[in-house]
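Listed below, chain by chain, are the residues.
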Number of protein chains: 2
Amino acid sequence: MSIRIGILGYGNLGRGVECAIKQSPDMELAAVFTRRDPASVSILTEGAAVCKVTEAAEWKDKIDVMILCGGSATDLPEQTPEYVQYFNVVDSFDTHARIPEHFEQVNQAAKASGKVGIISVGWDPGMFSLSRMYANAILPEGRDYTFWGKGVSQGHSDAIRRISGVKNAKQYTIPVESALEAVRAGENPELTTRQKHTRECFVVLEEGADKAKVEEEIKTMPNYFADYDTTVHFISEEELLKNHSGIPHGGFVIRSGRTGWEQENSHVIEYSLKLDSNPEFTASVIAAYARAAFCLSKEGQSGCKTVFDIAPAYLSPKSGEELRKSLL
Amino acid sequence: MSIRIGILGYGNLGRGVECAIKQSPDMELAAVFTRRDPASVSILTEGAAVCKVTEAAEWKDKIDVMILCGGSATDLPEQTPEYVQYFNVVDSFDTHARIPEHFEQVNQAAKASGKVGIISVGWDPGMFSLSRMYANAILPEGRDYTFWGKGVSQGHSDAIRRISGVKNAKQYTIPVESALEAVRAGENPELTTRQKHTRECFVVLEEGADKAKVEEEIKTMPNYFADYDTTVHFISEEELLKNHSGIPHGGFVIRSGRTGWEQENSHVIEYSLKLDSNPEFTASVIAAYARAAFCLSKEGQSGCKTVFDIAPAYLSPKSGEELRKSLL
């Protein structure tokens with residue numbers, strides 16, 4: 001029997017989940033729920049339903065795990081506690097500072113309904129968090145570094161687009177190679193924001209906009225750009241669409257630490273991702289955790305979980321025996 | 001209350017565990033058990049006992065987790081099922097092909113005694129296995145690569161030492177940089193044994209031994225060297241001790257895979273280790289899993305487990321709340 005999945009929210013992430021389900025022989029897409037008019041939404045999976053989000057609760061007994069593909073700012077803080085009343089759910093809530101609060105709300109609702117809610121699944125938070133946690137447990141005396149990129153930051157791209165005179169824009173976050181090398185060499189450097197990442201912007205101007213003024217506005221924008229070395233390139237709309245329409249991302253989690261009676265030996269643990277499509281990779285992680293949500297629920301567990309709480313074997317369709325034989 | 005640890009076998013790995021316990025504020029070393037005369041064994045930890053291995057069972061109620069530091073060839077297949085009768089145990093059984101059989105034996109004994117036995121802990125098997133497993137669950141369509149080194153292979157060093165005319169030797173396994181680069185670029189190359197690793201040997205000859213003959217014997221040794229490009233350097237005993245007395249190791253686990261409705265996007269997940277001391281790092285992983293064995297046992301679990309079966313949070317001394325706040 002396959003795991004029946006629902007997707008709530010059909011943007012880049014929702015479509016990524018749909019693709020991940022196609023690669024998972026033990027899963028099937030039951031329905032997509034959307035705030036738009038369902039007649040206007042065309043999905044890729046034959047046989048799956050497209051429904052209004054207001055109908056979701058009616059699918060209570062026809063969906064094993066509901067994957068919530070909304071945004072962290074306003075959607076998920078409301079949606080995850082709401083839908084865990086009816087379904088096992090997985091979300092990708094990624095506002096790090098608000099995770100404890102989100103956890104409490106989801107946990108309360110999930111304990112009450114007897115369902116499993118897995119939050120903050122993806123790569124950061126998600127696989128990067130796991131790498132940090134394993135490395136910290138193994139090397140208690142050490143230091144963590146996280147670098148992001150090279151990749152597109154949606155938030156920074158949006159910030160540029162809001163500047164008057166800007167028609168379109170894409171921003172790449174790029175780790176500073178020399179900083180990465182120093183960390184890998186176990187030098188434990190103290191790094192400022194500016195020393196860790198640079199920002200590269202590709203900007204399409206409106207007719208008659210003032211280049212110098214836009215560039216100045218970008219480079220001095222507080223929080224987003226002022227603390228970084230930022231490069232701005234003005235390009236045509238055609239070039240932007242041709243060369244910058246992808247959503248690549250990635251990054252590096254590195255812990256360097258010391259062992260030995262007098263801490264005489266040094267070790268470096270590094271985890272890195274190089275992703276053509278940020279939302280599709282995030283969706284692939286989410287699909288694996290949907291499998292875990294299903295299995296944990298079958299075992300009678302309930303409440304809110306994060307990647308820290310879930311034994312790795314639950315993510316795989318293989319049996320313990322197969323895993324030990326082929327991957328241990 | 002601290003977790004009381006026993007160490008059975010006091011070689012490089014046992015000493016590494018002792019150092020790891022020093023870095024773990026929630027653990028204490030209760031006793032070391034040795035096949036040697038305890039009076040002849042001096043350990044680093046003040047206040048811990050040194051006992052004959054034959055006395056181990058008497059410590060049944062004074063040790064929470066016994067860490068078995070014997071070898072995989074003959075010690076652990078006997079010791080792990082034996083000692084799990086009395087203790088929660090952790091071992092580093094690393095004969096990949098015999099893991100299923102070892103698992104069954106330990107599981108049977110552990111189920112009977114109500115204890116937890118965690119087997120095959122370290123970095124390969126261990127952290128490398130986890131990286132392979134997570135990456136396989138996330139990217140079902142893809143390909144795995146494992147490279148080892150640069151590092152000392154004890155087995156290959158021993159094989160050289162058994163050649164007549166050789167006084168001492170150290171062998172390094174080195175990944176081929178161009179192969180690593182091709183894998184990282186997502187090219188999914190088919191790689192032969194020779195294309196993945198080279199072997200570099202530092203050899204001290206006995207007086208009057210025949211250089212050419214020894215070199216020929218090394219390079220043509222089946223299984224160990226014949227399938228590799230091997231370099232042999234003859235050096236003095238002083239140079240060997242001065243420049244090659246460490247036990248560094250490490251390696252890379254890489255999975256490249258594809259997502260998207262038509263598999264149009266490519267992703268690379270990489271995990272790597274660079275270790276000054278192979279046994280101390282292995283011991284540090286084992287110490288974290290000893291914490292897990294203790295917690296699982298407290299919860300009433302029993303039987304044989306591997307790294308696949310254990311939720312990451314069990315490895316950390318931090319609470320779930322602290323972990324979510326600081327590392328998610």
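Everything numeric here is computed off the predicted structure, so don't read it as measured data.

1. Notes on the relation of the copies chain A and chain B
Line of reasoning, step 1. The operation relating chain A to chain B is a screw motion whose rotation component is 180 degrees, with 0.0 Å of axial translation and a residual RMSD of 0.0 Å. Such a turn and shift between the copies fits a two-fold axis. Minimal C-alpha distance to the rotation axis in chain A is attained by A:A311, lying at 1.9 Å.
Line of reasoning, step 2. Taken together, the interface assignments show that 100% of the residues at the interface of chain A recur at the interface of chain B, consistent with an identical surface on both copies.

2. Comments concerning the pattern of salt bridges
As a working rule, side chains carrying opposite charge can pair if their charged atoms are close by.
Residue and element names in this part refer to chain A.
Line of reasoning, step 1. For the structure on display, the rule yields 28 salt bridges over all chains.
Line of reasoning, step 2. A salt bridge links E101 to R98, with the nearest nitrogen and oxygen atoms 3.4 Å apart.
Line of reasoning, step 3. A cluster of three or more residues bridged by salt bridges with shared partners is formed by E181, R184 and E270.

3. A closer look at empty space enclosed by the protein
Line of reasoning, step 1. Scanning the entire structure with this criterion turns up four cavities of 30 Å³ or more.
Line of reasoning, step 2. Approximately 200 Å³ is the volume found for the largest cavity.
Line of reasoning, step 3. Elements that contribute at least two residues to the lining of the largest cavity include exactly α4 (127-138) and β13 (265-275) of chain A together with α4 (127-138), β12 (249-259) and β13 (265-275) of chain B.
Line of reasoning, step 4. Here the residues of the lining of the largest cavity are counted per class, giving 16 nonpolar, two polar and two charged.
Line of reasoning, step 5. Roughly 60 Å³ of internal volume is contained in the second largest cavity.
Line of reasoning, step 6. Broken down by secondary-structure element, the contributors of at least two residues to the lining of the second largest cavity are α10 (278-298) of chain A together with α4 of chain B.
Line of reasoning, step 7. The biggest single contributor to the lining of the second largest cavity is α10(A), with four residues.
Line of reasoning, step 8. Class assignment of the residues belonging to the lining of the second largest cavity gives a composition of six nonpolar, three polar and one charged.

4. Some points on the side chain of A:S2
Residue and element names in this part refer to chain A.
Line of reasoning, step 1. You can see S2 is positioned in the segment before β1 (3-8).
Line of reasoning, step 2. A distance of 3.0 Å separates the side chain of S2 from the side chain of E28, its partner in a polar contact.
Line of reasoning, step 3. Among residues more than four places away in sequence, those in contact with S2 are D26, M27, E28 and D64.

5. So, helix α3 (residues 99-113) of chain B
Line of reasoning, step 1. The end-to-end C-alpha separation of α3(B) is 21 Å, in line with the 21 Å expected for 15 residues at 1.5 Å each.
Line of reasoning, step 2. What α3(B) keeps buried is the set B:I99, B:H102, B:F103, B:V106, B:N107, B:A109 and B:A110.
Line of reasoning, step 3. Turning to α3(B), the residues buried within the fold contact α11 (320-326) of chain A together with α2 (75-83), β6 (116-118) and β14 (303-305) of chain B.
Line of reasoning, step 4. Positive backbone phi, approximately 80 degrees, marks B:G114, located one or two places after α3(B).

6. A few points about the environment of A:I67
Residues and elements named next belong to chain A.
Line of reasoning, step 1. Looking at the element boundaries, I67 is found in strand β4 (residues 65-68).
Line of reasoning, step 2. Exposure remark for I67: the relative accessible area of 1% places this residue in the buried category.
Line of reasoning, step 3. With 76 residues separating them along the chain, I67 and R143 place their C-alpha atoms 34 Å apart.
Line of reasoning, step 4. Not counting chain neighbours up to four residues away, the residues in contact with I67 comprise I5, G6, I7, L8, V17, V90, I286 and A290.

7. Side note on the interface of chain A and chain B
Line of reasoning, step 1. At the interface, 68 residues of chain A touch 68 residues of chain B.
Line of reasoning, step 2. With both sides pooled, the region where chain A packs onto chain B buries about 6100 Å², and carbon together with sulfur makes up 63% of that total.
Line of reasoning, step 3. Listed by contribution, the elements that provide at least two residues to the side of chain A that touches chain B are α1 (12-22), α3 (99-113), α4, β12 (249-259), β13, α10 and α11 of chain A.
Line of reasoning, step 4. Examining the composition of the side of chain A that touches chain B, we find that 11 residues originate from one element, β13(A), more than from any other.
Line of reasoning, step 5. Its residues assigned to classes, the side of chain A that touches chain B shows 35 nonpolar, 17 polar and 16 charged.
Line of reasoning, step 6. Taken together, the nine bridges between β13(A) and β13(B) define a ladder with antiparallel strand orientation. Within β13(B), the position partnered with A:H267 by the bridge is B:L275.

8. Brief notes about the sheet that holds strand β7 (residues 142-148) of chain A
The pairing of strands in a sheet happens through backbone hydrogen bonds and is either parallel or antiparallel.
Line of reasoning, step 1. Taken in spatial order, the six strands make up an open sheet running β7(A)-β12(A)-β13(A)-β13(B)-β12(B)-β7(B), and their pairing is antiparallel. A single partner strand is all that each edge strand has here, and the edge strands are β7 of chain A together with β7 (142-148) of chain B. On average, each strand axis in the sheet is tilted by 10 degrees relative to the strand beside it, whichever way the strands run.
Line of reasoning, step 2. Both β12(B) and β13(B) contribute to a ladder of 11 bridges, which runs antiparallel. Following the sheet pairing, B:G251 is matched in β13(B) by B:L273.
Line of reasoning, step 3. In the packing of α10(A) onto the sheet, contacts are made with β12 and β13 of chain A together with β12 and β13 of chain B, and the angle to β13(B) comes to roughly 70 degrees.
Line of reasoning, step 4. Relative to the sheet, helix α6 (residues 177-184) of chain B contacts β13 of chain A together with β7, β12 and β13 of chain B, its axis offset from that of β12(B) by approximately 30 degrees.

9. A closer look at unusual backbone geometry
Line of reasoning, step 1. B:P125 follows B:D124 through a cis peptide bond whose omega is 5 degrees.
Line of reasoning, step 2. Following the sequence through the fold, B:P125 ends up in the loop between β6 and α4.
Line of reasoning, step 3. Not every positive phi belongs to a glycine, and A:S120 is a case in point at roughly 60 degrees.
Line of reasoning, step 4. Residue placement: A:S120 occurs in the loop between β6 (116-118) and α4.
Line of reasoning, step 5. Looking at A:S120, the relative accessible area reads 1%, which means it is buried.
Line of reasoning, step 6. In the Ramachandran plot, A:N223 falls in the positive-phi region, its phi being about 65 degrees despite a non-glycine side chain.
Line of reasoning, step 7. Tracing the sequence through the fold places A:N223 in the loop between α8 (211-219) and β11 (229-234).
Line of reasoning, step 8. Judged by its relative accessible area of 69%, A:N223 is exposed.

10. Quick notes on the side chain of A:K196
Line of reasoning, step 1. Examined against the element boundaries, A:K196 turns out to sit in helix α7 (residues 193-196).
Line of reasoning, step 2. Although buried, A:K196 forms no salt bridge, and the nearest oppositely charged side chain, A:D124, lies 9.4 Å from it.

What counts and how
- Residues numbered from 1 in each chain as written.
- Chains lettered and ligands numbered in written order.
- Predicted model: local features only at pLDDT ≥ 70, side-chain atom pairs only at ≥ 80, totals over all residues.
- Heavy atoms only, no water.
- Least-squares fit on C-alpha atoms with pLDDT ≥ 70 in both.
- Contact = heavy atoms within 4.5 Å.
- Salt bridge = Lys/Arg side-chain N within 4 Å of Asp/Glu carboxyl O.
- 1 Å grid on protein atoms, 1.4 Å probe; cavity = no way out; pocket = protein on both sides within 12 Å on 5 of 7 lines; lining within 4 Å.
- Points joined across faces, edges and corners; volume = space filled by probe spheres on them.
- Helix = DSSP H or I, 4+ residues; strand = E, 2+ residues; numbered from the N terminus.
- Nonpolar A, V, L, I, M, F, W, Y, C, P; charged D, E, K, R; others polar.
- Polar contact = N/O pair within 3.5 Å; in protein donor to acceptor, adjacent residues only side chain to side chain.
- Expected span 1.5 Å × (residues − 1).
- Buried < 20%, exposed > 50% of the residue type's maximum accessible area, 1.4 Å probe, protein only.
- Buried area = accessible area lost by both parts, 1.4 Å probe.
- Pairing = 2+ DSSP bridges.
- Axes fitted to C-alpha atoms, helices over the stretch in contact; angles between N-to-C directions.
- Lys, Arg positive; Asp, Glu negative; His and termini not counted.

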